[in-house]
Amino acid sequence: MEGFLDTVDVYRTAIWQTLFMALVSLVASGLLGLALGIALYATRPGNLLSNRLVFGVLGVLVNIVRPIPFVIFLAAIGPLQVAAIGTTIGTNAVTFAISLAAAFAVSRIVEQSLVNVDPGVVEAARAAGASRLRILFGVVLPEGLGPLVLGYTFIFVGIVDMTAQAGLVGGGGLGQYAITYGSQRYDWGVVYVSVATIIVIVQVGQFVGNRIARGVLRR
Amino acid sequence: MAEPIVRLTGVSKRYERKGGTAVTAVDDVSLDVHEGEVLAVIGYSGAGKSTVVRLMNALEAPTSGTVTVAGQDLTRLPEKDLRRARQKIGMIFQQFNLFRSRTVAGNVAYPLKVAGVPRAQRDARVAELLDFVGLLERAHAHPEQLSGGQKQRVGIARALATNPPLLLADEATSALDPETTTEVLSLLRRVNRELGVTIVVITHEMDAVRQIADRVAVMENGRVVEVGDVYDVFSAPRTAPARRFVRSVLHDRPEPDVLERLRHRHPGRLLTVLITDEPDLQKRVDEAFVGAGVRTELVHGGVSELRERRLGSLTYEATGPRGAVDAALAALRAAGVAVEEEV
Ligand SMILES: Nc1ncnc2c1ncn2[C@@H]1O[C@H](COP(=O)(O)OP(=O)(O)OP(=O)(O)O)[C@@H](O)[C@H]1O
Ligand SMILES: [Mg+2]
């Protein structure tokens, strides 16, 4: 454990970096994915803003990007990172990459949550004379909020995973800490502390998400 | 007579299916709904009842024909005006379709919000409506905390929020048990009588027709095959499809298994007489049998009320000398009695 005690300051910084990357990415990808997911739901044939072309293009885009393994995505997105952040290394560049990658996953989760909203409820809002946008934001979104929050919780776990992978390319955070000060120095104490910390972060995220979802679903 | 509140003129609705086939859900329907009445739309599953009703509040646009509601031709209105028109047509559903994300009060307030009614007025109206449906104390409950009957009462309050002159009910009691059905039907009746709201109910339940309908439209294969006063259609359906449907809901003839047992016990010929509210009907029936020298035994049937008028059917076992029963049958028919022999 000496290795760990010697690097407590680095460890502390790594925690903050991981939390920063995870939370900023969660919010950024959450918003981006929400917009994309709403667009996917609304333009689906037969839905409120049914549009075959937009639905098709978005669907193909999401299907191409989403399955790309994150480390490869990270490499491929280099030019975009340079354009947006000015560099491909460091916490900010990684946060940018995670936000983008996660947004595509979020979009499908949002779409799924909304598709599962009872069409009868949409029908009732239509019968009340509500406009399409009003139904989308005033009825469909609130009705799908419970599953949506659970979906975001699920995504949070994936995002924490991505922050750890980002350690491989100098993204900072607990992943990099575990590699640089842990496995590369055969200091398994550092590795296990990192693992335990990640587990705690994930569990807290899971707990908070479940709590919020339960509040929304009142169950 | 005053202008009908809903007028369908030559309305058809076709759905294109994948693979190039099409379904004609509604086929050249012309139908008036009179102001202040309760019209029941009945018919077998897939007859096009829901589609007809969804055409009335423009949830569906007709493929051809015109739909006029309160003097306004919905088929000519742009989307924005259609939305305004829908605000003046209430609708309730089989599965209630309440917003789970809103409280009872929030559900009822929704159409008022959509219509742009200011907050204070909205709250007052919501309280008034919840009081009318007897759920004032549940205002802050969430839909999943309510029973089915309570949910439908919220649905009714929500549908009436904007004071619409017309309420559409698609199988509004089909998901409820008989007791709750009666409760909801009597609420709908109050809506009609006390608030003067015209109601179109889709139903396949005889009880619903019996309890609230003034007139009935019978649908089959997308067409309205018969429309008329409930008593007239049920006591004397003019078309074969209407007769078939009426028969299936009234159970006015012995079912095959019942008939089998009757035959076993009663070797004579079995004649079923339709009992309407003609005052001297029983006398005519008796005279026909007695005149022909036929003895009768009442073996099946019953008489009850429809729209406060007598309606039912009685099955007799008729026995007598050779040719006497045929003579009685002829005499009954000559006397204007509706009679069928069970064969
Ligand atoms: N959106 C749709 N797309 C394709 N076909 C449809 C659609 N809506 C209805 N149909 C078809 O139109 C016909 C009439 O349907 P409708 O729902 O009006 O019948 P219904 O009388 O209300 O039946 P039920 O008693 O089962 O509710 C059916 O054959 C149905 O399959
Ligand atoms: Mg139906």
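Rules used in this analysis
- Residues numbered from 1 in each chain as written.
- Chains lettered and ligands numbered in written order.
- Predicted model: local features only at pLDDT ≥ 70, side-chain atom pairs only at ≥ 80, totals over all residues.
- Heavy atoms only, no water.
- pLDDT = per-residue confidence, 0-100.
- Phe/Tyr/Trp six-rings, centres within 6.5 Å; stacked < 30°, edge-to-face > 60°.
- Helix = DSSP H or I, 4+ residues; strand = E, 2+ residues; numbered from the N terminus.
- Lys NZ or Arg CZ within 6 Å of the ring centre and 35° of its normal.
- Near = heavy atom within 4 Å.
- Polar contact = N/O pair within 3.5 Å; in protein donor to acceptor, adjacent residues only side chain to side chain.
- Areas by Shrake-Rupley, 256 points an atom, 1.4 Å probe, with all protein chains shown as cover.
- Nonpolar A, V, L, I, M, F, W, Y, C, P; charged D, E, K, R; others polar.
- Core = buried A, V, L, I, M, F, W, Y, C linked by side-chain atoms within 4.5 Å.
- Buried < 20%, exposed > 50% of the residue type's maximum accessible area, 1.4 Å probe, protein only.
- Contact = heavy atoms within 4.5 Å.
- Buried area = accessible area lost by both parts, 1.4 Å probe.
- Salt bridge = Lys/Arg side-chain N within 4 Å of Asp/Glu carboxyl O.

1. Some thoughts on the confidence of the model for chain B
Then, in step 1: This prediction gives chain B a mean pLDDT of 93; 100% of its residues lie at or above 70.
Then, in step 2: Predicted complex metrics record ipTM = 0.87 and pTM = 0.88.

2. Focus on the packing of aromatic side chains
Pairs of aromatic rings are described using the distance from one ring centre to the other and the angle between the two planes.
Then, in step 1: Within this structure, the stated rule accounts for seven aromatic pairs over all chains.
Then, in step 2: Arranged with centres 5.1 Å apart and planes meeting at 75 degrees, the rings of Y44 of chain B and F245 of chain B form a pair that is edge-to-face. With Y44 of chain B in the loop between strand 3 (38-43) and helix 1 (49-56) and F245 of chain B in helix 9 (residues 240-250), this pair connects stretches of sequence that are 201 residues apart.
Then, in step 3: Ring plane angle 65 degrees and centroid distance 4.8 Å describe the contact between F99 of chain B and Y110 of chain B, whose orientation is recorded as edge-to-face. One end of the pair, F99 of chain B, is in the loop between strand 6 (89-92) and helix 3 (104-114); the other, Y110 of chain B, is in helix 3, with eleven residues separating them in the sequence.
Then, in step 4: Grouping aromatic residues by their ring pairs yields a cluster made of Y11, Y177 and Y181 of chain A.
Then, in step 5: The side chain of R102 of chain B reaches across the aromatic face of F99 of chain B, ending 5.6 Å from its centre.
Then, in step 6: Here R309 of chain B stacks its cationic end above the ring of Y231 of chain B, 3.9 Å away from the centre of that ring.

3. With respect to the site of ligand 1
Residue and element names in this part refer to chain B.
Then, in step 1: Near ligand 1, the surroundings consist of 13 residues, among which S45, G46, K49, S50 and T51 are the closest.
Then, in step 2: G46 has a polar backbone atom sitting 2.8 Å from an oxygen atom of ligand 1.
Then, in step 3: In the model, an oxygen atom of ligand 1 is placed 2.9 Å from a nitrogen or oxygen of the G48 main chain.
Then, in step 4: Protein burial of ligand 1: of its 630 Å² of free accessible surface, 64% is covered by the chains.
Then, in step 5: When contributions to the shell around ligand 1 are tallied by element, the ones reaching two or more residues are strand 2 (22-33) and helix 1.
Then, in step 6: Top contributing element to the shell around ligand 1 by residue count: helix 1, with three residues.
Then, in step 7: Residues belonging to the shell around ligand 1 are distributed by class as follows: five nonpolar, five polar and three charged.

4. So, the nonpolar core
Then, in step 1: If you look at the biggest cluster of nonpolar residues, it comprises 58 residues, and the most contacted ones within it are Y41, I135 and V140 of chain A together with Y110 of chain B.
Then, in step 2: Contact partners of Y110 of chain B, with chain neighbours within four places excluded, come to A125, A128, A130, R134 and V139 of chain A together with F99 and R102 of chain B.
Then, in step 3: In this structure, A139, L167, V184 and L274 of chain B belong to the second largest nonpolar core, which totals 57 residues.

5. So, the interface of chain A and chain B
Then, in step 1: Opposite the 21 residues of chain A that make contact, chain B presents 23 residues.
Then, in step 2: When chain A packs against chain B, close to 1,900 Å² is buried across both sides, 46% of that on carbon and sulfur atoms.
Then, in step 3: Inspection of the chain A/chain B interface yields two salt bridges.
Then, in step 4: Ionic pairing is found between R54 of chain B and E123 of chain A, a salt bridge with its closest N-O pair at 2.1 Å.
Then, in step 5: Linking chain A with chain B are six residue pairs in polar contact (both at pLDDT 80 or more), by the criterion used here.
Then, in step 6: When residues of the side of chain A that touches chain B are assigned to their parent elements, the largest contribution, seven residues, is made by helix 7 (residues 119-127) of chain A.
Then, in step 7: Across the side of chain A that touches chain B, the residue classes tally to nine nonpolar, four polar and eight charged.

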